[in-house]
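# Topology and contacts: notes
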Amino acid sequence: MSDSEVRQPKSAAAAQAMAGGIHEPGFLPIIAASLAAGALVLALVASPAGEPLLLTLLAVLAMLGLFAIFGFVAGHIRIGERVRDDDLIRAFANNLDDGLLVTRRDGRPLYANATLAGMVGLTEAGEVNALESLFAGDPRAAAAYFRLERAASRREPWREEIEVASHGRPSRLFRVAQRPCSVPGHDRELGPMSLWTVTDITAERAHQISAVATLESTLERLDSVPAGLMEVDQRGVIRRLNATLLRWLGLEPQSLAERQLQLKDLVAPEGAELIANAAAAFYTTGESVDLEVAVDKTTKIPLRFFARRDNQGGLLIAAFRREASATESEAGAAEIRFARFFQSSPFGIATLGTDGRLMSTNAAFARMIPDGSSSTGSAAADVLCRFSDADTRAAVDAAIRQALAGTLTPTPIEITVGPKNEFSRRLYLAPLTQAKDAREAAILYLIDATEQKALEAKFAQSSKMEAVGKLAGGIAHDFNNVLTAIIGFSDLLLQTHRPTDPAHKDIMNIRSSATRAAGLVAKLLAFSRRQTLQAEPLHLSEELAEWAAVVKRSLGEKIELRIPPARDLWFVKTDRTQLEHVVLNLANNARDAMPNGGTLSITTRNVTERESQRLNHHGMSVGEYVLIEVTDTGSGMPPDVMSKIFEPFFTTKGVGKGTGLGLSTVYGIVKQSGGFIYPESTLGRGTTFRLYFPRYLPANEDAPVAQKAVKKERPQDLTGSGRVLLVEDEDVVRSFAVRALKRQGYEVLEASTGVEALEVMEANEGKVDIVVSDVVMPEMDGPTLLKELRKTKPDLKIIFVSGYPHEAFETSLDKNEQFAFLPKPFSLPQLAAKVKEQLGR
């Protein structure tokens, strides 16, 4: 038995399987077949008819020989000794540095390589010693080997590091591992097996111990140097501090082990940021950075930092303490004070050399420039205008030249920075006093104006919307008077023309067009927040569930509608009909943005006071709100369109496909309800509208608040009796109203102003059952007229008619004043029904 084999397996097939392959000897049948074929060929050649066959055979053999020669020359055919697979695998295993051992489940060995044999030795019979003999002399080693054998019997992988001590020899350290293994196709013959690997790691461990000792010696020397040393990883966590810097900062060594200290925990925020930004540029510029280190935000130690980045993106920092001596000059003290002011300033400061390059920058400047680096040594114009247009670059170049020439530039320059020009900066430049050996020729200041510019844009947009709203409201009021007359006289004509009359259709077209115009005016009033709202407490989750069918019909089949229910939703108080218009308008806009289909989601939830404070929406006061979020997966809108979507008559649709009043109406209704609306859109991804309505706390009188208000049915019989005083300054409106009421059986008294109405009342000794009055009139308006009438007739009924909502004049009346309201434009049936409803007869 050789030194590389434990014992020969019982069968040749098993032995070859252990070597890594199985080969069947099939050369005997091949030899027999070859001899038979040769005899047959010789018999044929010996016959007279065999000559042609012989010639053919020779030609074939010559052709095969020729192909063989070409194949040999080309390298496709090689002649050499065949190596058996099992021999090759044995040679490979014997040359491994690790000892290999294959055992059965009961621990009997099947194979061991030469390396293992060298580790455990051989018996007198030439067989490999058992592996346990290597660890038998040491109780701890024997216990570790026992754990390995127990794991092998359980078919569990296991690994141990075992130290073996020999008498008179240095101890050796082995890494022993075992894992289950098997030979496919021979599981029944060989059974479960285990593969053991034994590695001598004595030299490797000695090298590690030596390296650690060298590192500890190096660290001890670093602790004694008179400079502070620090290593910081990519996350800003301090990995290592030497003893000198620990002493300067007043820290204990265990503080690094107890918690993860970060650079920002030791250095003031602006200093930490400056160190990180200046690290990459330090070795190219050779500029050091003077700043203050704040320990526990109380003690300040002036240090000079030198920093660079390592290969892993961390920081290697060296710090030198700057001690103030008694002989320090006043100029040196002033320099230190300036350095402290320079680095702690909340706005960016940089000095320019005579060539226009940045000489020194503070931490705030590093935050404000586009790439977040101080860029000392670079041209100031290149740093400031990296993403600016040509005009801005030219303005900055001119201002720098003026400052270097000693000319002050009092007017700041507005620049936008960032890859998408998303940040605004305000640049100031000033010359410095020129000296013969002065390195700095000018100083620049950089102020972050991003938030200010955003507020200015939002304020301008709000002012524009307010101005347009006032204009639209004024126009709508005047139009309402005209439309009231058109609709009213159309109703009068329809009463005198039957449907078979040729003029009936024309009158209907006139009335239909006037009604459509009244709808447009209502949208203008909604935008200007001057329409009449019938506010009532609403539970938005219930309302949306009720409107879902209508919204789904407006979207079509290609668009999926999702309205998840919301629990414990607060109440809001607004006009139910107008809120339905809001949801439908937003749904229609979403539909137009998804011509190929998509998803529309309408969700609701409560927004707490603390959450509203975190939202920080412009113009939105802190409080409790109910949020409606309408999100589509459409094409989205670019920023230039987003800034105009709420403007009246602005539309991106084709001619005749939209009035441009949909979103302006939404804006007005939400605002008039005391709410806020904020759109957000991304091109290619979709748009989201967030509507915030103030939470409403129902009072006792709103106890049945969850129940829908039942609308009073309009009486079918509009005739009545009584004396009506009609006060209206528009002649056409007054004329129509008088005729309409007289047709219904009422006695009507007329007045064009409030003063005239008082005279009519006095002339008729106050015998008037009800007053129908306009609100806005010359000389005396409607609310003033009501106050005067109450002096003599406190129980007199009155109906106000106006194109403005009643909230616009309610403040000028007494708190408990009772009156009815009819918005313009109104039709003949609406006027007659309102009067009959108030008189109750």
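Residues numbered from 1 in each chain as written. Predicted model: local features only at pLDDT ≥ 70, side-chain atom pairs only at ≥ 80, totals over all residues. Heavy atoms only, no water.

With that settled, the discussion passes to the overall build of the protein. If you tally the helices and strands in the protein, you get 29 helices and 27 strands. The buried share among the 841 residues of the protein stands at 41%. Pairs at least 24 residues apart make up 59% of the contacts formed inside the protein by residues separated by at least 6 positions. Counting every atom, the protein has about 47400 Å² of accessible surface; 55% of that belongs to carbon and sulfur. (Helix = DSSP H or I, 4+ residues; strand = E, 2+ residues; numbered from the N terminus. Buried < 20%, exposed > 50% of the residue type's maximum accessible area, 1.4 Å probe, protein only. Contact = heavy atoms within 4.5 Å. Areas by Shrake-Rupley, 256 points an atom, 1.4 Å probe, with all protein chains shown as cover.)

On the surface, Leu57, Leu58, Val60, Leu61, Met63, Leu64 and Phe67 cluster together to form a nonpolar patch covering roughly 670 Å² of accessible area. If you trace the backbone, Leu57 turns up in helix H3 (residues 51–74). Given a relative accessible area of 34%, Leu57 falls into the partly exposed group. (Patch = residues over 30% accessible without salt bridge, like charges linked within 9 Å, V, L, I, M, F, W, Y side chains within 5 Å. Salt bridge = Lys/Arg side-chain N within 4 Å of Asp/Glu carboxyl O.)

The next subject is the packing of helix H26 (residues 754–763) against helix H27 (residues 782–792). H27 packs onto H26 with a crossing angle of 20° between their chain directions and a minimal axis gap of 9 Å. Here H26 lies roughly parallel to H27, going by the angle between them. H26 and H27 meet at a crossing whose hand is right-handed. Contacts between H26 and H27 involve Gly754, Ala757, Leu758 and Met761 from the first element and Leu785, Glu788 and Leu789 from the second. Considering only residue class, the contact of H26 with H27 consists of 5 nonpolar, 1 polar and 1 charged. (Axes fitted to C-alpha atoms, helices over the stretch in contact; angles between N-to-C directions. Parallel < 35°, antiparallel > 145°, perpendicular 65-115°, else oblique. Left-handed = near helix turned anticlockwise from the far one by under 90°. Nonpolar A, V, L, I, M, F, W, Y, C, P; charged D, E, K, R; others polar.)

Further remarks concern the packing of aromatic side chains. Applying the stated criterion to the full structure yields 10 aromatic pairs. Clustering of aromatic rings is evident, with ring pairs tying together Phe135, Tyr145, Phe174 and Trp196. Positioned above the aromatic ring of Trp570, the side-chain terminus of Arg695 is 4.1 Å from the ring centre. (Phe/Tyr/Trp six-rings, centres within 6.5 Å; stacked < 30°, edge-to-face > 60°. Lys NZ or Arg CZ within 6 Å of the ring centre and 35° of its normal.)

Attention now moves to unusual backbone geometry. The residue after Lys824, namely Pro825, is reached through a cis peptide bond having omega -5°. Position of Pro825 relative to the elements: it lies in the loop between strand S27 (820–823) and helix H29 (828–839). Not every positive phi belongs to a glycine, and Asp568 is a case in point at roughly 50°. Along the polypeptide, Asp568 turns up in the loop between strand S17 (559–562) and strand S18 (572–575). A relative accessible area of 70% means that Asp568 is categorised as exposed. Here Glu779, not a glycine, exhibits a phi torsion of approximately 70°, which is positive. Its location among the elements puts Glu779 in the loop between strand S25 (770–774) and H27. The exposed category is assigned to Glu779, whose relative accessible area is 67%.

The pairing of S17 with strand S19 (residues 598–607) spans 4 bridges and is classified as parallel. Opposite Leu561, over in S19, you have Leu600 as the bridge partner. Bridge count for S19 against strand S20 (residues 625–632) is 8 bridges, and the pairing is antiparallel. Looking at the pairing, Val607 lines up with Tyr625 of S20. (Pairing = 2+ DSSP bridges.)

Below, the discussion takes up the packing of helix H20 (residues 540–555) against helix H21 (residues 576–593). Contact geometry for H20 and H21: axes closest at 10 Å, N-to-C directions at 40°. On the basis of their axis angle, the class for H20 and H21 is oblique. Note that H20 runs across H21; the crossing there is right-handed. Here Leu540, Glu543, Leu544, Glu546, Trp547, Val550, Val551, Ser554 and Leu555 of H20 lie close against H21, whose contacting residues are Arg576, Leu579, Glu580, Val583, Leu584, Ala587, Asn588 and Arg591. The class makeup of the residues in the contact of H20 with H21 is 10 nonpolar, 2 polar and 5 charged.

Of all hydrophobic cores here, the largest spans 39 residues; its most connected members are Leu600, Phe689 and Leu691. Contributing elements (two or more residues each) for this core: H20, S17, H21, S19, S20, helix H23 (639–642), helix H24 (662–672) and strand S22 (686–694). With sequence-adjacent residues up to four places away left out, Leu691 is seen in contact with Val582, Leu586, Val626, Leu627, Ile628, Val670, Phe676 and Ile677. (Core = buried A, V, L, I, M, F, W, Y, C linked by side-chain atoms within 4.5 Å.)

In spatial order, the strands read S12-S11-S15-S14-S13; together these 5 strands make up an open sheet with antiparallel pairing. Unpaired on one side and paired on the other, strand S12 (358–361) and strand S13 (409–417) mark the two borders of the sheet. For this sheet the average axis-to-axis angle between neighbouring strands, irrespective of direction, equals 25°. Taken together, the 6 bridges between strand S11 (residues 348–353) and strand S15 (residues 440–448) define a ladder with antiparallel strand orientation. Looking at the pairing, Ala350 lines up with Leu444 of S15. Taken strand by strand, helix H17 (residues 390–404) contacts S11, S13, strand S14 (423–431) and S15, and its axis lies near 145° from that of S13.

On to the environment of Val120. Inspection of the secondary structure puts Val120 in helix H5 (residues 114–120). Judged by its relative accessible area of 11%, Val120 is buried. C-alpha separation for the pair Val120 and Leu131, spaced 11 residues apart in sequence, amounts to 6.5 Å. Not counting chain neighbours up to four residues away, the residues in contact with Val120 comprise Val128, Asn129, Ala130, Leu131, Ser133 and Leu134.

Moving on, we come to the sheet that holds strand S23 (residues 723–727). Spatially, S24-S23-S25-S26-S27 is the arrangement adopted by the 5 strands of the open sheet, whose pairing is parallel. Of all strands in the sheet, those with a lone pairing partner are strand S24 (747–751) and S27, marking the two edges. Sheet twist, expressed as the mean angle between neighbouring strand axes with direction ignored, is 20°. The strands touched by helix H25 (residues 731–743) within the sheet are S23 and S24, with S24 carrying the most contacts at an inclination of about 165°.

We now examine the pattern of salt bridges. Taken as a whole and assessed by the stated rule, the structure comprises 25 salt bridges. Across the pair Glu611 and Arg605 runs a salt bridge, and its minimum N-O distance is 2.8 Å. Note on Arg605: relative accessible area 36%, which makes it partly exposed. Close ionic contact of Glu629 with Arg690 constitutes a salt bridge, the shortest N to O distance being 2.7 Å. With Glu629 in strand S20 and Arg690 in strand S22, this pair connects stretches of sequence that are 61 residues apart. Taken together, the salt bridges that share partners define one network made up of Glu161, Arg175 and Arg205.

A surface patch of like charges, here negative, comprises Glu756, Glu759, Glu762 and Glu779. Position of Glu762 relative to the elements: it lies in helix H26. Residue Glu762 is classed as exposed on the basis of its relative accessible area of 65%. (Lys, Arg positive; Asp, Glu negative; His and termini not counted. Charge placed at Lys NZ, Arg CZ, Asp CG, Glu CD.)

Here the focus is the pairing of S20. A large share of S20 lies buried, amounting to 6 of its 8 residues. Where S20 and S22 come together, 7 bridges link them in antiparallel fashion. Pairing of Leu627 across the sheet is with Tyr692, part of S22.

This paragraph deals with H24. With 9 of 11 residues buried, H24 is to be regarded as a mostly interior element. Within H24, burial applies to Gly662, Leu663, Ser664, Thr665, Val666, Tyr667, Gly668, Ile669 and Val670. Backbone geometry just downstream of H24 places Gly674 in the positive-phi region, at approximately 85°.

Another point: the side chain of Thr574. Inspection of the secondary structure assignment puts Thr574 in strand S18. The exposure class assigned to Thr574 is buried, which follows from its relative accessible area of 2%. A distance of 2.7 Å separates the side chain of Thr574 from the side chain of Ser673, its partner in a polar contact. (Polar contact = N/O pair within 3.5 Å; in protein donor to acceptor, adjacent residues only side chain to side chain.)

The next thing to look at is the environment of Tyr445. Looking at the element boundaries, Tyr445 is found in strand S15. Classification of Tyr445 as partly exposed rests on a relative accessible area of 30%. Spatially, the C-alpha atom of Tyr445 lies 5.5 Å from that of Gly348, the residues being 97 residues apart in sequence. Ignoring anything within four residues of it in the chain, the contact list for Tyr445 reads Phe347, Gly348, Ile349, Arg426, Leu427 and Tyr428.

These figures come from the coordinates and say nothing about function on their own.
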